[in-house]
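Working through the structure, step by step
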Protein chains: 4
Amino acid sequence: MSLTLDQARTMIAATRAKGREMGLKPLSVVVLDAGGHVLAFEREDGASPGRFGIAQGKAYGAVMLGMSGSAQMARAEQQAYFMAAVNGVYGGQVVPVPGGILLRDAAGAVIGAMGVTGDTSDNDAEAGKAGAEAAGIAADI
Amino acid sequence: MSLTLDQARTMIAATRAKGREMGLKPLSVVVLDAGGHVLAFEREDGASPGRFGIAQGKAYGAVMLGMSGSAQMARAEQQAYFMAAVNGVYGGQVVPVPGGILLRDAAGAVIGAMGVTGDTSDNDAEAGKAGAEAAGIAADI
Amino acid sequence: MSLTLDQARTMIAATRAKGREMGLKPLSVVVLDAGGHVLAFEREDGASPGRFGIAQGKAYGAVMLGMSGSAQMARAEQQAYFMAAVNGVYGGQVVPVPGGILLRDAAGAVIGAMGVTGDTSDNDAEAGKAGAEAAGIAADI
Amino acid sequence: MSLTLDQARTMIAATRAKGREMGLKPLSVVVLDAGGHVLAFEREDGASPGRFGIAQGKAYGAVMLGMSGSAQMARAEQQAYFMAAVNGVYGGQVVPVPGGILLRDAAGAVIGAMGVTGDTSDNDAEAGKAGAEAAGIAADI
């Protein structure tokens, strides 16, 4: 199964709705496909201009390593030089903190990732998880 | 005046609708702000995975140089080494063909750019122009 | 509101004047617009040749993240790998220490940033804050 | 002799004044030292945001190669692949067209370069030459 643009749009809309419900700062949300390539992105008014790169970095590391943002953060806390090296390998595009969310199909295969940024990393991840669930897609935060 | 996310979403939806009306291949559409930073992006199902970069490259050159894709193409045809050099300056992010569309406010100031890719460059530009007009925004193709 | 070149020149002149008043080492001062692009820069005689990059890096991170140099430094001290990752995302252009100063309009919206370098980070920030105030622009250091 | 910041400021002010006198579009002007490092820069209101890079690229190639923009353009017209290769060597920072102006001391030694951009390349060069002359500095366009 591949993610469709409609699924990506549903996830972004639901993540943004959850952010408003939680009273978060303006969010930026990206959805990448199973190859780590951008399907859809939205940056809410008032977010800082560089948010695309942060959102993409959270999601890109998740897809490329097959590890959620939380799992990447745990590794970074244990072994910072490893995540720094991984970042070199992936051209500096990995941001190893919560808000990078692995998306899985019913069989558990990774079909892409979301990247959410704008509030605290934990709030970003919570909003994104709600967004994935709204599209009926299992998510590892 | 700054572009809002709602305006960007309107332009993307209208560009995609125009593409379907014209019978084009799957389109990918990005909207950048006046600083060249991504506001919103959508890639239609069936498009090749690298379309974000092409869309962004069309729009980024337009914002940074203040020249539409058609104007960039004319310069590239006259002086290929100049546009190659400009691309080096901007980190390889400039794609100097139609489909890079400058967006202007009522006073004529550049407020951002769209990048459209997927069909021929001229068709990409025509769909994008319709998209901008649907949001009431003047566009140089 | 967009920063004008005259405002940028006023901020640079006043920052330099404050530096002389404080007896600081030669300063280098950049002003970026709301998209992180250079509006104006001056490097005082006697400063080391690489100061443009440091000044730009202080200001660029501030604009792109919407965080002052002090706020970036606090995050770097808590979570060094996060700021290292952000730097990868932004092409190595982020210097997360004081002297990166967010500039805001009367409504609180970010309209650009200054980057000041040459003395201690705290002195750089103090001179820059005086420079912003001389132009009537609110500054987060 | 090294260029001073005051000389750089004089050259920029006089280049801008010449541009207004000639009725040119908004100009962006950089002055680099003999090592190719930025001394001062100004971008006039209404110029596109990416002008720093173009100005720097014109001036950087001039200093690094010891060739004015016109001389670089002649070489590019004869041997485009050579200038493309040079650009690779210098990290994509060379824009080989008029507006890159070598600055010389009384003995003929290169002491830096100006980069001027915003109007046609020939007009950029003419304004910059006037700017250098206003500071009493010999210039190769």
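Let me sum up the structure you'll find in this document. Please read all numbers here as calculations on a predicted model, not as lab measurements.

Topic: the packing of aromatic side chains
Applying the stated criterion across every chain yields a total of 10 aromatic pairs over all chains. Centroid distance Tyr60 of chain C to Tyr90 of chain C: 6.2 Å. Interplanar angle 90°. Geometry classified as edge-to-face. Remark: Tyr90 of chain C occurs in the loop between α4 (80-89) and β3 (100-104) and Tyr60 of chain C occurs in helix α2 (residues 51-65); sequence separation between them is 30 residues. Each member of the pair Tyr60 of chain C and Tyr90 of chain C is classed as buried. Aromatic ring contacts, followed pair by pair, group Phe41 and Phe52 of chain A together with Phe41 and Phe52 of chain B into a single cluster.

Some remarks on the interface of chain B and chain C
The partner chain C presents four residues to the four residues of chain B that form the contact. Between chain B and chain C, the buried area comes to about 260 Å², and carbon and sulfur atoms account for 66% of it. If you sort the residues of chain B by the area they bury against chain C, Gly35, His37 and Met64 of chain B come out on top, with a joint share of 95%. Remark: the boundary between chain B and chain C carries zero salt bridges. The tally of links from chain B across to chain C stands at two residue pairs in polar contact (both at pLDDT 80 or more). Taken together, the residues of the side of chain B that touches chain C sort by class into two nonpolar, two polar and no charged.

With respect to the interface of chain C and chain D
On the side of chain D, 17 residues touch chain C, which itself brings 17 residues to the contact. Taking both partners together, chain C and chain D bury about 1600 Å²; carbon and sulfur atoms supply 49% of that area. Put simply, chain C and chain D have four salt bridges between them. When the shortest N-O distance is used, the salt bridge between Arg9 of chain D and Glu42 of chain C registers 2.6 Å. Run the count over chain C and chain D and you get 11 residue pairs in polar contact (both at pLDDT 80 or more). Counting residues per element, the ones that place at least two in the side of chain C that touches chain D are α1 (5-22) and β2 (38-43) of chain C. Of the strand pairs in this sheet, β2 of chain C and strand β2 (residues 38-43) of chain D are connected by three bridges, and their pairing is antiparallel.

Observations regarding the relation of the copies chain C and chain D
The two copies are related by a screw operation: chain C maps onto chain D through 180° of rotation and 0.0 Å of translation along the axis, at an RMSD of 0.1 Å. What we have between these two chains is a two-fold relation. For chain C, the smallest separation between a C-alpha atom and the rotation axis is recorded for Phe41 of chain C, amounting to 2.5 Å. A symmetric contact is evident, with 100% of the interface residues of chain C recurring at the interface of chain D.

Structural notes on the relation of the copies chain B and chain C
With an RMSD of 0.0 Å, the operation that places chain B on chain C is a rotation of 180° combined with a shift of 0.0 Å along the axis. Most of the interface of chain B is mirrored in chain C, where 100% of its interface residues again form contacts.

Regarding the environment of Val94 of chain D
All names here are of chain D. Assignment of secondary structure puts Val94 in the loop between α4 (80-89) and β3 (100-104). Overall, the relative accessible area of 1% leaves Val94 in the buried class. Along the chain, Val94 and Gln56 lie 38 residues apart, while their C-alpha atoms are 8.1 Å from each other.

A look at the nonpolar core
Judged by nonpolar contacts, the single largest core of 85 residues is most densely connected at Val30 of chain A, Val30 and Tyr90 of chain B, Val30 and Tyr90 of chain C together with Val30 of chain D. Ignoring sequence-local partners within four residues, the contact set of Val30 of chain C consists of Val38, Ala40, Phe41, Phe52, Ala55, Gln56, Ala59, Ala113, Met114 and Gly115 of chain C.

Reading the values: rules and limits
Residues numbered from 1 in each chain as written. Chains lettered and ligands numbered in written order. Predicted model: local features only at pLDDT ≥ 70, side-chain atom pairs only at ≥ 80, totals over all residues. Heavy atoms only, no water. Phe/Tyr/Trp six-rings, centres within 6.5 Å; stacked < 30°, edge-to-face > 60°. Helix = DSSP H or I, 4+ residues; strand = E, 2+ residues; numbered from the N terminus. Buried < 20%, exposed > 50% of the residue type's maximum accessible area, 1.4 Å probe, protein only. Contact = heavy atoms within 4.5 Å. Buried area = accessible area lost by both parts, 1.4 Å probe. Salt bridge = Lys/Arg side-chain N within 4 Å of Asp/Glu carboxyl O. Polar contact = N/O pair within 3.5 Å; in protein donor to acceptor, adjacent residues only side chain to side chain. Nonpolar A, V, L, I, M, F, W, Y, C, P; charged D, E, K, R; others polar. Pairing = 2+ DSSP bridges. Least-squares fit on C-alpha atoms with pLDDT ≥ 70 in both. Core = buried A, V, L, I, M, F, W, Y, C linked by side-chain atoms within 4.5 Å.

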